[in-house]
Structures are given as structure tokens and as C-alpha cells.
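# Structural description and commentary
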Amino acid sequence: MWENKDIKKVLVTAEQIQKRSEELGKEITEDYRKMNSAPLVVALLKGSVPFMSELIKHIDLDCQFDFMDVTSYAGTESTGDIKILKDLDTSVKGLDILIVEDIIDTGRTLDTVAKMLLHKGAKSVKIVTLLNKASRRTVDVKGDYIGFEVENEFVVGFGLDFNQRYRCLPYIGVLKDECYQ
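The text that follows walks through the structure, step by step, so that each part is easy to find. Note that the structure is a prediction, hence the values are computed from the model and not measured.

### Remarks on the nonpolar core
Considering soluble globular proteins, one finds that nonpolar side chains tend to be buried as a cluster. Core analysis: the biggest nonpolar cluster contains 27 residues, and V128, L131 and I172 have the highest contact counts within it. Among the elements of the structure, α1 (14-34), β2 (40-45), α2 (49-55), β5 (96-104), β6 (124-132), β7 (145-149) and β9 (172-175) are those that each provide at least two residues to this core. For this core, the element with the highest residue contribution is α1, accounting for 4 residues. Once residues within four sequence positions are removed from consideration, I172 is found in contact with V10, L11, V12, I17, L130, L131, V155, V156, G157, F158 and L160.

Structure representation (C-alpha cells):
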């Protein structure tokens, strides 16, 4: 395991992420085959990219993918102000959409994005998330496919960052308290 002196504890190992991504990929494949569809996989930049990269290796469908850059964070707190920095390059009209997210926290971002995609004519919108932090939910958004449940701790690694750092860690961890000062 790649060590980092700033990590207080590891919550989810690289091996656990890989195994769970395989399981989710199989489940997603089965569900979309029943729908006779291959989804447009939409990754929310930047945090979901490592998860999407691992996940799509295990989805046995001819999926297309695209990216959106959506933000609502400043430091460790969600501001509640959702900003679309980059919209999709692909039209979603009539498509089944699978949003890939790194973490569902308050739910505001995903609620906004899902409603926007449906408004643009998406046939369906489902959500796959690596992490679910249900204790922080302020909007009724549920992941259709959930990797791991996490407590109300600020987590980093495998795409998740603190001020753009720690994204490259191959696991999910919690920073030492002094890193936030």
C-alpha cells in the first residue's frame, strides 16, 4: 500500500475498491441488459475519474462515456451553490444515463445534475457512487449502486481531494487533524 504521512487511517483499501468495482460492474451489466440498453456513463469531474476508470473495466456493455465538471465545495464544506463548469459534449435525448460519482454527501449536486439531465430528455438517470455518506444528506437522493457506506468524516484518496491534494492515493483515507490547519 502506498503510504502517506498525512493519513490518519485508511477506511477502504485499494483491494476493496477493486473487488467492489467488479461486483458493481456485474450488477450494472445485468440491470442494463434487462433494459436492453447500454448507458451513457457520465463521470463528474474530477473526483469520480479513478472510480469510473476502474468500474468501466467491469461493465460488459458497449458503453459510451462523457464528463461533466460540477462543483459545490470550498475546502471541506459544501457551499450549496452548484456550478456547472463543463457540460456534456453528448446529447442525452432518449439515452439511459449512469452518473458516476465519487461520494454522495449532501445530495445537492446529484439532485441538480439528475434533474438537468432529465430536463434535457434523458430516458432514465441512475447513480453509481463509490462512497455514500447518508448522515450528511440534505436532499433526498439515493444511489442506485453504492460501493461503501462511510461515516461523517472528511475523506480523501482515489479521486477525492482536500484542496486538490491526495486524489492519487489508491485507497480512501482520513487525514490527520493538523492537515486541515
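Read on, since the account is not over.
### Here's the deal with the sheet that holds strand β1 (residues 7-12)
The strand order across the open sheet formed by 3 strands is β1-β9-β8, and the pairing between neighbours is antiparallel. Edge strands, defined here as strands with exactly one partner in the open sheet, are β1 and β8 (155-156). Both β1 and β9 contribute to a ladder of 4 bridges, which runs antiparallel. When the sheet's bridge partners are listed, V12 is paired in β9 with I172.

### Brief notes about the environment of K9
Inspection of the secondary structure assignment puts K9 in strand β1. In this structure K9 comes out as partly exposed when scored by relative accessible area, which is 35%. In this structure the C-alpha to C-alpha distance between K9 and A114, which are 105 residues apart in sequence, comes to 33 Å. The contacts of K9, once residues within four sequence positions are left out, are E153, G173 and V174. Within polar-contact distance, the side chain of K9 engages the side chain of E153 at 3.0 Å.

### Brief notes about the packing of aromatic side chains
Scanning all chains against the criterion turns up 2 aromatic pairs. Taking 5.9 Å as the distance between ring centres and 85° as the angle between the ring planes, the aromatic pair formed by F65 and F67 counts as edge-to-face. Pairing F154 with F162 gives two aromatic rings, centres 6.0 Å apart and planes at 80°, and the pair type is edge-to-face. Since its relative accessible area comes to 19%, F154 is described here as buried. The class of F162 is buried, set by a relative accessible area of 11%. Positioned over the ring face of Y32 is K126, at 5.6 Å from the centre of the ring.

### Some thoughts on the pattern of salt bridges
Think of it this way: side chains of opposite charge can pair up when their charged atoms draw near. Under the counting rule described, the total for this entry stands at 15 salt bridges. With its nearest N and O atoms 2.5 Å apart, the salt bridge here joins D87 to K120. In this pair, D87 sits in the loop between β4 (77-86) and β5 while K120 sits in the loop between α3 (108-119) and β6, placing the two residues 33 residues apart along the sequence. For R167, the salt bridge identified is with D161, shortest N-O distance 3.2 Å.

Rules behind the numbers
Residues numbered from 1 in each chain as written. Predicted model: local features only at pLDDT ≥ 70, side-chain atom pairs only at ≥ 80, totals over all residues. Heavy atoms only, no water. Core = buried A, V, L, I, M, F, W, Y, C linked by side-chain atoms within 4.5 Å. Buried < 20%, exposed > 50% of the residue type's maximum accessible area, 1.4 Å probe, protein only. Helix = DSSP H or I, 4+ residues; strand = E, 2+ residues; numbered from the N terminus. Contact = heavy atoms within 4.5 Å. Pairing = 2+ DSSP bridges. Polar contact = N/O pair within 3.5 Å; in protein donor to acceptor, adjacent residues only side chain to side chain. Phe/Tyr/Trp six-rings, centres within 6.5 Å; stacked < 30°, edge-to-face > 60°. Lys NZ or Arg CZ within 6 Å of the ring centre and 35° of its normal. Salt bridge = Lys/Arg side-chain N within 4 Å of Asp/Glu carboxyl O.

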